[in-house]
Amino acid sequence: MLSELILTITIFFPVVGVLALLFVGRENAQAIKFIGFGTTVVTFIISLYLFFEFDASTVEFQFVQRITWIEGLNISYFIGIDGMALLLILLTTFLTPLALLGTWNSIQNRLKEYTMMVLLLEVGMVGVFAALDLFLFYVFWEAMLIPMYFIIGIWGGQERVYAAVKFILFTLFGSLLMLVAILALGYYASTLPGGQFTTDLLELYGIAPRMALGLQTWMFLAFALSFAIKVPVFPLHTWLPDAHVQAPTAGSVLLAGVLLKMGTYGLLRFCLPLFPDASFKFIPLMGILAVVGIIYGALVSMVQTDLKKLVAYSSVSHLGFVVLGIFAMTEEGIQGAIIQMVNHGLSTGALFLIVGMIYDRAHTRMISDFGGAAKFMPVFAAFFMIISLSSIGLPGLNGFVGEFLILLGSFKSTFLDSYAYAAFAATGVILAAVYLLWAYQRMMLGRAREGGLYGGHTLHDINGREIVTLAAIVLFVVWIGVYPSTFLSKSGGTAKQTVQRMEDARRGVLARVAVVAPTTEAKCDGAQ
């Protein structure tokens, strides 16, 4: 019984915190903070049950729950997870309490509403990764946008309204195209002999790949555009720097750490297995855009004067690696893409926390306003260096594992069929070292300011609460870098099954199989 309910509990437990906050007065700031933080910590503890009880030996979806929702349209509350969803849910439940803890005193106005928005955002984020019904997925996808819109628009910087509107318009445009494609896909299922309208993802896994190439192409474009905006893939990235720079620190942490992964998750969960023939058709384009994004994001990061904007543009570069790994369609590439989603969430989330911590002290993010700050903030400087090296991809830290697997998978991919993708993508690793180490050198090293005055404020090192926040992330940065099989073993079945599906589609196996609705047992099959 618990295994059937545990995923639903994980998704909706933050609502308990929201309800509790309704009975707390606005003036009771400490109670609001502890309720919000405590709720997210309990949610993380609950999600650990998923990790320890997950059976990595099977490719079936686990912790499945199905409740009829809209009977006439065959739409259900249908949830379940495989290894990829497991890791991303744990990333979400891990980062959310750290985002609140690391910014404990950063929000001064409307703290109660802010905490409620973060909790509701967590519900939407976890729900997106757990949904196995396309309509339910869309509901969580849209529900997640609303709290992030308010987080940016109310608690952001001077240009917060512009950034919030730009964020919502970009994302909604792609979302509406995806909704049309979901409805069209369900209608297509109803036109088959004995078929009916359905948004059941596992049923559609057996139906959609047999569509004509022309129809697959339009469907793929609708889904892929929505996900590419969210990643974001070059040249659809222009909303990202504004959103990151204007968002409060916790908003930036969750935006970079989790929300961007929904785009790459969608490409891997929906685009490849539902529309394999169209995916083959767009491999060269997606590969080129991924490589261009890797290099472009790194080059633009190099010339930034604002540390937060530098970190924002670095996401374009790092997630380019993830997209390349997905469209390499090899086990190594997809395993690398999945673990790199987690790695980017940890490393970039930590970098945004670091930006927020130094901004709270100096009230400036301009790189030129610093220099020699390590003299006054030695512990902060040590964490900054470790996280920077993890983002660069230093062997022994998490970033190396993901980038190595992606480059290896791209190099040996018969789908990409060219060494050039991996060769050009590898330059992104070098450029990452340039922009991150150069920024570190200018801020932390060199001649210190007299009296420790930066931006008119005296710097002081990070406190115990901030040390705990960053140390928790560094623990997993080192763990994944030294012993990645703890996590790769969970997602191995997803990667292998995805590659097998793509290989079968390329050989035309799916086209020769009769369209038969999956049995009840098959509906829990985790084939990607």
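Keep in mind that what you see is a predicted model, and the values were worked out from it rather than measured.

Turning our attention to the pattern of salt bridges. It is possible for side chains bearing opposite charge to pair when their charged atoms get close. For the coordinates displayed, the defined rule picks out nine salt bridges. The partner of Glu-113 in a salt bridge is Arg-26, and the shortest N-O contact between them spans 2.2 Å. With Glu-113 in helix α4 (residues 111–130) and Arg-26 in the loop between α1 (2–21) and α2 (29–53), this residue pair connects regions lying 87 residues apart in the sequence. Taking relative accessible area as the criterion, Arg-26 reaches 58% and is therefore assigned exposed. For the salt bridge of Glu-503 with Arg-506, the shortest nitrogen-to-oxygen distance reads 3.2 Å. Taken as a pair, Glu-503 and Arg-506 lie in helix α19 (residues 485–507) at a separation of three residues, close to a single helical turn.

The next subject is helix α14 (residues 331–362). Side chains three or four residues apart in an α-helix point the same way, a direct result of the helix having 3.6 residues per turn. The end-to-end C-alpha distance of α14 is 46 Å, a good match for the 46 Å that 32 residues give at a rise of 1.5 Å each. With 28 of 32 residues buried, α14 is to be regarded as a mostly interior element. Two residues or fewer past α14, His-363 is found with a positive phi of approximately 55°.

Now for the packing of aromatic side chains. Following the criterion strictly, the structure yields 32 aromatic pairs and no others. Ring plane angle 20° and centroid distance 5.9 Å describe the contact between Phe-227 and Phe-270, whose orientation is recorded as stacked. Of this pair, Phe-227 sits in helix α8 (residues 213–230) while Phe-270 sits in helix α10 (residues 249–274), and the two are 43 residues apart along the sequence. Residue classification places Phe-270 among the buried residues on the basis of a relative accessible area of 1%. On the numbers, 5.1 Å between centres and 70° between planes, the contact of Phe-384 with Tyr-440 is edge-to-face. With Phe-384 in helix α15 (residues 378–392) and Tyr-440 in helix α17 (residues 420–444), the pair connects residues that are 56 residues apart, well separated along the chain. Comparing Phe-384 with Tyr-440, the two get one shared label, buried. In this structure an aromatic cluster arises from ring pairing among Phe-44, Phe-51, Phe-52, Phe-94, Phe-476, Trp-479 and Phe-487. Positioned over the ring face of Tyr-359 is Arg-365, at 5.4 Å from the centre of the ring. In this structure, Arg-506 packs its charged tip against the face of Phe-415, placed 3.9 Å from the ring centre.

Tracing the backbone through its elements, the reader meets Tyr-188 in helix α6 (residues 160–191). Each C-alpha atom of the pair Tyr-188 and Trp-239 lies 34 Å from the other, and the pair is 51 residues apart in sequence. Among all residues touching Tyr-188, those that are not within four sequence positions of it are Ile-207, Arg-210, Met-211 and Leu-215.

Take helix α12 (residues 283–302) next. Along its 20 residues, α12 runs 29 Å from first to last C-alpha, staying within 8% of the 28 Å computed at 1.5 Å per residue. Of all the residues in α12, the buried ones are Ile-283, Met-286, Gly-287, Ala-290, Val-291, Gly-293, Ile-294, Gly-297, Ala-298, Val-300 and Ser-301. Summarising the contacts, the buried residues of α12 are in contact with α11 (276–281), α13 (307–328) and α17.

This paragraph deals with the pairing of strand β2 (residues 75–81). Taken across its seven residues, β2 has seven buried, putting it largely inside the fold. Alternating residues of β2 divide into Ile-75, Tyr-77, Ile-79 and Ile-81 and Ser-76, Phe-78 and Gly-80, and every residue in both groups is buried. Looking at chain direction, strand β1 (residues 62–70) and β2 are connected through six bridges and run antiparallel. Its bridge partner being in β2, Gln-65 is matched across the sheet by Ile-79.

Together, Leu-475, Val-478, Trp-479, Val-482 and Tyr-483 line one region of the surface with nonpolar side chains, adding up to about 500 Å² of accessible area. Examined against the element boundaries, Trp-479 turns out to sit in helix α18 (residues 464–482).

Let us look at the confidence of the model for the protein. Looking at the protein, pLDDT values average 88 and 95% of them are 70 or higher. With pLDDT under 50 throughout, residues 511–523 is counted as low confidence; its partners more than four residues away or in other chains account for 14 contacts.

A few words now on the nonpolar core. The biggest cluster of nonpolar side chains holds 187 residues, and the ones touching the most others in it are Ile-81, Phe-223, Phe-275, Phe-327, Met-444 and Ile-473. Excluding residues that lie within four positions of it along the chain, Phe-275 makes contacts with Leu-185, Ala-208, Met-211, Gln-216, Met-219, Phe-220, Phe-223 and Phe-270.

Looking at the element boundaries, Tyr-296 is found in helix α12. Distance from Tyr-296 to Ser-317, taken between C-alpha atoms, is 7.0 Å for residues 21 residues apart in sequence. Apart from the residues lying within four places of it in its own chain, the contact partners of Tyr-296 are Phe-234 and His-237.

Let's shift gears to the packing of α2 against helix α3 (residues 83–102). Orientation of α2 relative to α3, taken along the N-to-C sense of each, is 160°, at an axis distance of 9 Å. It follows that α2 is roughly antiparallel to α3 by the angle criterion. For the crossing formed where α2 meets α3, the hand is left-handed. Contacts from Gly-36, Phe-37, Thr-40, Val-41, Thr-43, Phe-44, Ser-47, Leu-48, Leu-50 and Phe-51 in α2 reach Leu-86, Ile-89, Leu-90, Thr-93, Phe-94, Thr-96, Pro-97, Leu-100 and Leu-101 in α3. For the contact of α2 with α3, the residue count by class is 13 nonpolar, six polar and no charged.

A few words on the packing of α3 against α10. Between α3 and α10, the least distance of the axes is 9 Å, while the angle of their chain directions is 170°. For the element pair α3 / α10, the angle class is roughly antiparallel. In contact with Met-84, Ala-85, Leu-88, Leu-91, Thr-92, Leu-95, Thr-96 and Ala-99 of α3, α10 contributes Ala-250, Val-253, Leu-254, Gly-257, Val-258, Lys-261, Tyr-265, Leu-268 and Arg-269. Taken together, the residues of the contact of α3 with α10 break down into twelve nonpolar, three polar and two charged.

Conventions adopted
- Per chain, residues are indexed from 1 in the order of the written sequence.
- Reporting of local features is limited, given that this is a predicted model, to residues whose pLDDT is at least 70; pairs of side-chain atoms are given and counted only at 80 or more, and all residues count toward the totals for whole chains, interfaces and linings.
- Water and hydrogen atoms were dropped before computing side-chain values, which therefore reflect all heavy atoms in the structure.
- When a carboxyl oxygen of Asp or Glu is within 4 Å of a side-chain nitrogen of Lys or Arg, the pair counts as a salt bridge.
- Helix and strand assignments follow DSSP, with helices taken as H or I runs no shorter than four residues and strands as E runs no shorter than two, numbered in order from the N terminus.
- Think of it in three bands: with a 1.4 Å probe and only protein chains considered, a residue is buried below 20% of the maximum accessible area for its type, exposed above 50%, and partly exposed in between.
- Each residue after the first adds 1.5 Å to the expected span of a helix.
- Within 6.5 Å between ring centres, the rings of Phe, Tyr and Trp (the latter by its six-membered ring) count as paired, and their orientation is classed by plane angle as stacked under 30 degrees, edge-to-face over 60, tilted in between.
- Note on criteria: charge over ring means Lys NZ or Arg CZ within 6 Å of the ring centre, with the direction from the centre no more than 35 degrees off the ring normal.
- Working rule for contacts: check all heavy atoms of both residues, and any pair within 4.5 Å makes them a contact.
- Strands are treated as partners if at least two bridges between them are detected by DSSP.
- Here the term patch refers to residues with relative accessible area over 30% and no salt bridge, with like charges joined within 9 Å and nonpolar side chains (Val, Leu, Ile, Met, Phe, Trp, Tyr) within 5 Å.
- With residues, only the protein chains shown are counted as cover, and all accessible areas are computed by Shrake-Rupley using a 1.4 Å probe.
- pLDDT measures the predictor's confidence residue by residue and takes values from 0 up to 100.
- By nonpolar core is meant a set of buried Ala, Val, Leu, Ile, Met, Phe, Trp, Tyr and Cys residues that side-chain atoms within 4.5 Å join together.
- Working convention: axes come from line fits to C-alpha atoms, limited for helices to the stretch in contact. Angles between N-to-C directions cover 0 to 180 degrees.
- Each angle gets one of four labels, with under 35 degrees taken as roughly parallel, over 145 as roughly antiparallel, 65 to 115 as roughly perpendicular, and the rest as oblique.
- If you view the pair so one helix is near and one far, a crossing is left-handed when the near helix is turned anticlockwise from the far one by less than a right angle, and right-handed when it is turned clockwise.
- Think of it as three bins: nonpolar holds Ala, Val, Leu, Ile, Met, Phe, Trp, Tyr, Cys and Pro, charged holds Asp, Glu, Lys and Arg, and polar takes everything else, Gly as well.

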